Structures are given as C-alpha cells and as structure tokens.
Amino acid sequence: MHLFVASLIALAALAAAGPAAAQQRPVPAPAAVLGFAPGAERRLVEWDAITRYFRALDAASDRVIAREIGKTTNGASFMVAFISSPANLARLAALRDTQRRLADPRLVRDSAEAARLIAQGKTFVLITSSIHSDEVGGFFAPLEIAYRLASSATPEVRRILDNTVVILVPSANPDGVTIVSRWYNQTLGTGAEGTDPPELYHHYTGHDNNRDWYAFTQVETRMVVDSLYGVWHPQVTMDIHQMGSEGPRMFVPPYLDPVEPNVDPLLVQSVNALGVHIARRLTADGLAGISLNSIYDMWTPARAFQHYHGAVRILTETASADLATSITVPFDSLRPEPGVDPRTATWNFVAPWPGGRWTLADIVRYQTAGAMAMLDHAARYRDEWLRGFYGVGLRAARGWPDWPYAYVIPTANQDQTALATLLQILRHGQVEVRSALVPFSLGRDRYTPGTYVVPLRQPYAAFAKALLERQVYPDLRDYPGGPPKRPYDVTAHTLPLLLGVRVIAAPESLAVGLSAPVTAPVPVFRAPGLSSAGGPRAPAAPRVGLYRSYTAPIDEGWTRWILDLYGIPYESLVDSSIRAGNLGAGLDAIVLPDMSPRAIVEGLSPRRYPARFAGGLGTSGVQGLRDFVDGGGTLIALNDACAFAIAALELPVTNALDGLSNLEFYAPGSIFRLRLDTDHPLAEGMPAETIAWFESGPAFDVRDPTRARIVGRYPTAAGEVLLSGWVLGAAQIAGKGALVEVRRGRGKVVLFGFRPQYRGQSQATFPLLFNALRASARETR
C-alpha cells in the first residue's frame, strides 16, 4: 500500500478510537492563523502560513486530516486535506476499497455487487487550487471551504460531510505561492504593485504546469496523479483558476466545442449538468456575471486528465484583480471573449455584471460559492455519481466497438529512453501495459516475445487511445468560410510522434498470450559530449548560456528543465550579463528561448518594474550578441526568437509566413513532418524524417545559399505536412525551411522555426538541439 495512504488510514482509525468531542478544540477561523480575513485588501501570505492553517484545522477538527504527501521542486511541503464526517474518515480504508472496485468493474462480480458497492460508497471529490500562482484568490478560497466544512452545522454542510469525501489540495504549486506573495509584499506601494514577478512562478514550467497532465514531467503533477487520483479515484474534480479582468466574472462549464472524441459521452453530459447547477446556484445567490459554454474547450488531455479516468473536471475561472490590489472595471471596458459578450445578456450569460470595483474578496467569494455549489450536487446525487462512474469504467472494460483492439509497441529498433518514457507515462496514467509471451503476427509484420501490448479493454483505455493515436482537429470557423476559431490551447498530443516511438494499432483481437501488467522501465537521460562526465579524453563539453529574460518566458523554463534532466551544464544569462559583452570569453553557445523580438529587446516596462529588471537587452545587448557570433560563437534561436536573430544580426533569411492572415495559414500547435539533411552535423544521428512541433513559428526562405543552409524542411507536397492536429493553408509552408544554419563572421546562427523541446515532450527532436550545442564546442576550440 502507498506509504502516505497507509499512514492516513492509520491516523483516521486512531482518531476514531479515541475519546470523542471532549478532545476537540475550537475550530480556528482563517483569520486566527493568518492575522486577517481571506480576501483582505493588499494582503498575501507565503506558503508556510497556509500549511499552518491546515495543521491547525487538523488538530482542532475531527472532520479534517491534513498531511504532507511529498516535497515540491523547491523543497516545500505539498499538503492535502481529507474532509468528511468523522464516521467516514474512520473507515477510509473500506471506502478506498469501494472506490478501487467501482473504478475497475473487472473486480466486481455482478450487478448485485455493483449495487451494493454504490449503496455503501461516497462521492469522492478532489479540489485543486492555485496551480497558477498569480491567481491569488486560489490561495484563500481553500481556507474558506475547509473552514466552512470543518465548523458549520448547517443541513447542507452535514449532507456534504455524510455523503462525500473531499480531498482538498490548497495549492498545486506551493513554491509559486511564496514566489508571488514575496514579490507582491516587496513591491507594495511601488509602481510594481500588482505585477507578476520577474521570474517563473513554477521553477521550470510557469503557467504550463497545468499542461503537464499527460506527460507528467513535474514532481507536483506526479504527486497528485500517483498519490490522489491513482489511489482514491475521485468521481468529481474542481480546478480553481482565475482569468483576465475584462470579461465575465466567472466561467463554469459546459465547455465550448470541440470535445476530445475519446471522452465518454456520459462524462460530457455530467460536466454539463454539474456546471449548469453551479451557475444556477450562483445566480440564485445574487452573483452576477456567470458565463457558461464560453472561452474554454474540452479538447486536450494536457489539462483534463480526469476525463479519461471516470471523473468530471469542473474548471472555474474567476476574473482577476491586480493580485491582491483591487481594480475598477467600468462596464464599457468589458470585452467579448469566445462565446460570450460580458455586456450582453444571453442564454449562457443571463445576468451581466454592471462593472465597478473588483477585489480579492470578490474573487474568494465567487470561488468559494462555486465550490460549495459543486459539493452540494455531489452530496445530493451521490448514488448517481457513483453509478455513472461505475458505468464509464464498465463500458471501457468491455471495449468500444469502433476502437482498435490494442496498440502494439515493439521493443526492437526503438530509442530506449523514449520507449521507457512512453511506458512510464502510461503507468502514471494507470494504463495496463502487457507483453507478448510468444511471437505473433500483425499484418505482414512479425513481433517477438516481450513486445509491449496495450489492450483497449480496460478502465483507462481512453487515456491510452487519446495519447497513442493521431489527432484530427475539426475545422471550426467563426462563420462559413471565415477565420478559424482559435483553440484554447494546442491541437495535437500524439506521444509516439513526439517521442519518436513506433506504435501500431491492432484493429482486431491478437492471437497471442499476454503477461500480467508489466512494470515500466525507468528512462535514463544521457547526452554524450554535453557534460564533463566522459573522462579526461572525452571531447570538451560546450559552454552553454541560456538567456533568462525577466519577462519570464515559459520556454526558457522548459529549456532549463531539459538541460537539468540531461545533466548539461549551462549559465543563465540575464539582461545585464549580455549587455556587458565579452560573451565569447566564457561561452561557446547561447540559446534564445521562444519569445517575441519586442520582449527580447525591450523587456519589462521601466514604468512598472525596478530598474534592474526593466529594459530587455537594449542596443548594447544586441551588439553583445553580434560580437559573440562574429567572434566565433553559436547563437541558437528557438521559434519566435528567430525573428529577433534574423533582424538583429542581419541574416540572409526571410520568414515565408510573414504577413499572412489566419485565413491564409494557421497552425495553432500541431505536429508537422520534417525532412532532414542527415549529412549536416546538426542532423547527426537523426533519421531522414522526423517531426517538428509547430506553434506560431516561422518558415524560412534563404536569400544567400553561400551563407545559409537549410538542414530541415517541410515536405514539398502540402498534403504531407500535417501529421497530427490542424493546419490551414499547408501549401504556404510546403518545402520551406524549418531548421537553418547561417554563417556570420567567424560564428553561426542556428534558427529553429519550431520548438525542438516543446513542453519537455518532443524527445524526437531533442537531439537536434543537442547537436547544435555540440557543434558549437567543436568550432570554437
């Protein structure tokens, strides 16, 4: 049994065996620990204050068990609170077993046993908050929710406690709570009050930390998935977020189209029904500006792990203030969002907000009210939630008639690191992977014993299928023949393509014996020639600099994560380091992460930020990079940073997509086919054909082939460009350069018109980035 689960159950049993209410202390209100009420104007707290409050609740209330389940990236305590009636907490072990069996109907003998389990079970509800740490209402709403559940004796709260087990994660990013609060408190009363900090609020991923729910790259994601989802199997989840200030006051589902096609239809309807219930309850309570069926779609599993594991995900997004500083939003300044105009009443926005002052207290009030409305539904309809949860798993275990029977993953001729990564992802996603016991055939191909097989007759088959197949994103337009509707995030998530692993769909049953579920191998991440670990005779490792702008681009964090993962030494270069010049004295290569030219040159505004954080590279920094390349250095530009490099270093390269409208070309996060010149050192060790993660990047034409060489290009046939996702106007990019090396002075510039290290997922193209770093060392020494 999971160590955390065992200790939690033991503590619950111990509490139940002791004297009853005589040992209980008065339940402290949040203000008693924080020193102010949640939502107070211009007041934020660091993470230790929040953990103190939950420990105080744990000590005072027999309705709350609060425990640490691990450590964050920066070493903070990752805390979770279980909240329910004392009777339910005392039998957590039995309830966990009920959840386990309902989640996997193969463990249930018949319909009579299923009915008995449903009758004795409780709705498990997981609430996560403040994964995005500048959404500071999420620091405080969990405290209000927990206090109300721990202290109130109303019939509604009693019903919630009796019929649900609430698993409350006060923050899915504790490090960010401290980063944002510390910055806010340091800048109170200055021009920077209410601004985002000049660093990522997650050490590596920043805002992308809630795009990690199928790759599981970060420790915080894995803790939630492995210790909570994988153990307690919640039926209902709520993810508390904030959005911009000039739209609706709050979003709740239903979501916009498209719906990812592997999500069980009952889960889609359940999301819709619960979201409408929340909106109705908030409207009845007099909270204006509630929007549903707008802004956010239901496409990618990167944000919706729950929809592939029998649960609904209720996303709430509440309008923001300037962190904890109130703002005034005139009615006329409200702006339309996809699916809603906040100045106009419609069926999905029945009560517009009149504008005016908007405070942190308002945010906390809306978030808390939304959570309580959700819990009310989960409690009132406990049996329906459990019956639906069981039914989703039962349909998955029996198999959907139009799905493949299984996916086959050969072990031979595969990159073993990428293969192990794929298997680990499936393991974290609770997908059963088996291995063939004897040789077998699939079509004309023969497979050896030990070949991995992922049957699609299992509870979480939808998760496997969504990640292993290619996506065909629907061609959605604002009106027929009009501009494309912008997806909320990206359109592709095909792991075999991103990782470079061969996976084959088996349409029918395989005539082969299969093992019990296997243990996934642990990937070993190595980058030969890029660290000093090779010994004294190994080639000198490159001296790498990574530009770390104070605008805190997310791509910098992902690049840093990959360099750390592979043990590649690097130096973080802030604006002042580059402005100072003489970069070639200590560096062979400098990497510019994906960011706009304006952000690189101008940086943060000096009107809002202290001088040491403001101003970007400026003219002196641009000159420093020119001198670095002219002196023999290698500048590596990723995606949008290529536009900066082309202009600043006057490169004989143009972007073929410049000036095109979305009607002429559009690819909002898709996987393209990439063909490589394998005779070039940048493509050393690569296959002739691979992938490129394309997301608002450039495509290159070369004006001077004596100085610039195309190393990777897209297919000349437009129909061959797209591998997964969505593209309009593929002919505009067909045959264009995607990876170009340009000579300047004694050095060179490497232009990646795509993201070779996309969100830590595109292992298939990591070697291209590594080759660019290796080549820099060979040329400068």
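Up top you'll find the structure we're talking about.
Residues numbered from 1 in each chain as written. Predicted model: local features only at pLDDT ≥ 70, side-chain atom pairs only at ≥ 80, totals over all residues. Heavy atoms only, no water.

Draft legend 1. Focus on the side chain of Ser515. Structurally, Ser515 is set in the loop between strand E18 (504-506) and strand E19 (544-547). For Ser515, a relative accessible area of 14% gives the class buried. Apart from residues no more than four positions distant in its own chain, Ser515 is found in contact with Arg434, Ser435 and Leu437. (Helix = DSSP H or I, 4+ residues; strand = E, 2+ residues; numbered from the N terminus. Buried < 20%, exposed > 50% of the residue type's maximum accessible area, 1.4 Å probe, protein only. Contact = heavy atoms within 4.5 Å.)

Draft legend 2. Representation of the pairing of strand E3 (residues 123-129). Across the 7 residues that make up E3, a large majority, 7, are buried. By the alternation rule, side chains of E3 split into Thr123, Val125, Ile127 and Ser129 and Phe124, Leu126 and Thr128, which are all buried. The pairing of E3 with strand E4 (residues 164-169) spans 6 bridges and is parallel. Bridging from a neighbouring strand, Thr123 pairs with Thr164 of E4. The pairing of E3 with strand E5 (residues 236-243) spans 5 bridges and is classified as parallel. Paired with Thr128 across the strands is Asp239, a residue of E5. (Pairing = 2+ DSSP bridges.)

Draft legend 3. Seen up close, the environment of Pro38. Secondary-structure assignment places Pro38 in the loop between helix H2 (30-34) and helix H3 (47-60). Considering only alpha carbons, one finds Pro38 and Leu143, 105 residues apart in sequence, at a separation of 7.8 Å. Ignoring sequence-local partners within four residues, the contact set of Pro38 consists of Pro30, Phe140 and Glu144.

Draft legend 4. Region of the structure containing the sheet that holds E18. With antiparallel pairing, the 4 strands of this open sheet are ordered in space as E14-E17-E13-E18. Taken across any chain shown, the strands that pair with only one partner, and hence form the sheet edges, are strand E14 (434-435) and E18. Pairing between strand E13 (residues 406-409) and strand E17 (residues 452-455): 4 bridges, direction antiparallel. Looking at E17, one finds that Tyr407 is bridged to Val454. Most of the contacts of helix H14 (residues 416-428) go to E13, to which it runs at about 150 degrees, and overall it touches E13 and E17. (Axes fitted to C-alpha atoms, helices over the stretch in contact; angles between N-to-C directions.)

Draft legend 5. Region of interest: the sheet that holds strand E2 (residues 77-83). Pairing within the open sheet is mixed, and its 8 strands lie in the order E1-E2-E4-E3-E5-E10-E6-E8. Edge strands, defined here as strands with exactly one partner in the open sheet, are strand E1 (64-71) and strand E8 (290-292). Put simply, the sheet's adjacent strands are angled 20 degrees from each other on average, direction ignored. In the sheet, strand E6 (residues 250-252) pairs with E8 via 3 bridges, with the strands oriented parallel. For Met250, the partnering residue across the bridge sits in E8 and is Ile290. Along the sheet, helix H8 (residues 155-163) contacts E2, E3 and E4; its crossing angle with E4, the most-contacted strand, is approximately 90 degrees.

Draft legend 6. Layout of the pattern of salt bridges. In the structure shown here, the tally under the stated rule is 44 salt bridges. One salt bridge in this structure joins Glu46 and Arg182, with 2.8 Å as the shortest N-O distance. Of this pair, Glu46 sits in the loop between H2 and H3 while Arg182 is found in helix H9 (residues 174-187), placing the two residues 136 residues apart along the sequence. Taking relative accessible area as the criterion, Glu46 reaches 25% and is therefore assigned partly exposed. Note that Arg387 is salt-bridged to Asp383, the shortest N-O span being 3.9 Å. Of this pair, Arg387 and Asp383 both sit in helix H13 (residues 382-398), 4 residues apart, which is roughly one turn of that helix. Arg387 sits in the partly exposed class, given a relative accessible area of 46%. Judged by its relative accessible area of 31%, Asp383 is partly exposed. Put simply, Asp97, Arg100, Arg101, Arg109, Glu113 and Arg116 are held in one network by salt bridges that share partners. (Salt bridge = Lys/Arg side-chain N within 4 Å of Asp/Glu carboxyl O.)

Draft legend 7. Region of the structure containing the environment of Glu684. Relative to the helices and strands, Glu684 is located in the loop between strand E24 (668-676) and strand E25 (689-695). Taking the C-alpha atoms as reference points, Glu684 and Ala772, 88 residues apart in sequence, are found 9.9 Å from one another.

Draft legend 8. Seen up close, the nonpolar core. With 161 residues, the main nonpolar core has Phe54, Leu149, Leu228, Leu375 and Ile409 as its most contacted residues. For this core, the element with the most residues is helix H12 (residues 360-380), which contributes 12 residues. In terms of nonpolar packing, the next biggest core, distinct from the first, is built from 45 residues, Ala527, Trp561, Val591 and Met686 among them. (Core = buried A, V, L, I, M, F, W, Y, C linked by side-chain atoms within 4.5 Å.)

Draft legend 9. Looking closely at the packing of aromatic side chains. With the rule as written, the count across this model stands at 35 aromatic pairs. Taken together, a centroid distance of 4.9 Å and an interplanar angle of 55 degrees make the contact between Phe251 and Tyr296 tilted. Placement of Phe251 in strand E6 and of Tyr296 in the loop between E8 and strand E9 (297-298) is noted, with a sequence separation of 45 residues between them. Residue classification places Phe251 among the buried positions, given a relative accessible area of 0%. Aromatic side chains Trp353 and Trp358 sit 5.5 Å apart centroid to centroid with 75 degrees between the ring planes, which places their arrangement in the edge-to-face category. The same class applies to Trp353 as to Trp358, namely buried. Grouped by ring-pair contacts, the aromatic residues Trp213, Phe216, Tyr229, Phe305, Tyr308 and Phe463 constitute a single cluster. Above the plane of the ring of Trp353 lies Arg249, whose end atom (NZ or CZ) is 4.0 Å from the centre. (Phe/Tyr/Trp six-rings, centres within 6.5 Å; stacked < 30°, edge-to-face > 60°. Lys NZ or Arg CZ within 6 Å of the ring centre and 35° of its normal.)

Draft legend 10. Highlighting H12. When the terminal C-alpha atoms of H12 are compared, their 30 Å separation across 21 residues agrees well with the 30 Å that a helix rising 1.5 Å per residue should span. Here H12 lies mainly inside the structure; 18 of its 21 residues are buried. With a side-chain oxygen lying 3.3 Å from the backbone nitrogen of Ala361, the N-terminal cap of H12 falls on Thr359. (Expected span 1.5 Å × (residues − 1). Polar contact = N/O pair within 3.5 Å; in protein donor to acceptor, adjacent residues only side chain to side chain.)

Draft legend 11. Expanded view of the environment of Pro507. Topologically, Pro507 is positioned in the loop between E18 and E19. For the pair Pro507 and Pro404, spaced 103 residues apart in the sequence, the C-alpha separation amounts to 4.2 Å.

Draft legend 12. Structural detail: the side chain of Ser549. Mapped onto the secondary structure, Ser549 falls in the loop between E19 and helix H17 (554-565). Residue classification places Ser549 among the buried residues on the basis of a relative accessible area of 4%. Of note is the side chain of Ser549, whose polar atom sits 2.8 Å from the side chain of Thr551. When residues no more than four places from it in sequence are discounted, the contact partners of Ser549 are Met595 and Ala599.

Draft legend 13. Layout of the packing of helix H11 (residues 265-284) against H12. Between H11 and H12, the shortest axis-to-axis distance is 9 Å and the interhelical angle comes to 125 degrees. By the angle between their axes, H11 is oblique relative to H12. Where H11 crosses over H12, the two elements pack in a sense that is right-handed. Residues Leu274, His277, Ile278, Arg281 and Leu282 of H11 lie in contact with H12, whose contacting residues are Ala369, Gly370, Met372, Ala373, Met374, Asp376 and His377. Its residues placed into classes, the contact of H11 with H12 shows 7 nonpolar, 3 polar and 2 charged. (Parallel < 35°, antiparallel > 145°, perpendicular 65-115°, else oblique. Left-handed = near helix turned anticlockwise from the far one by under 90°. Nonpolar A, V, L, I, M, F, W, Y, C, P; charged D, E, K, R; others polar.)

Draft legend 14. Structural detail: the pairing of E13. By the alternation rule, side chains of E13 split into Ala406 and Val408 and Tyr407 and Ile409, which are all buried. Pairing analysis gives 3 bridges linking E13 to E18, with the strands arranged antiparallel. Bridging across to E18, Val408 finds its partner in Ile504.

Draft legend 15. Inspection of the packing of H3 against helix H7 (residues 137-151) at higher detail. Between H3 and H7, whose axes approach to 11 Å, the crossing angle comes to 10 degrees. The angle between H3 and H7 falls in the class roughly parallel. Residues Ile50, Tyr53, Phe54 and Leu57 of H3 form the contact with H7, whose own contacting residues are Phe139, Pro142, Leu143, Ala146, Tyr147 and Ala150.

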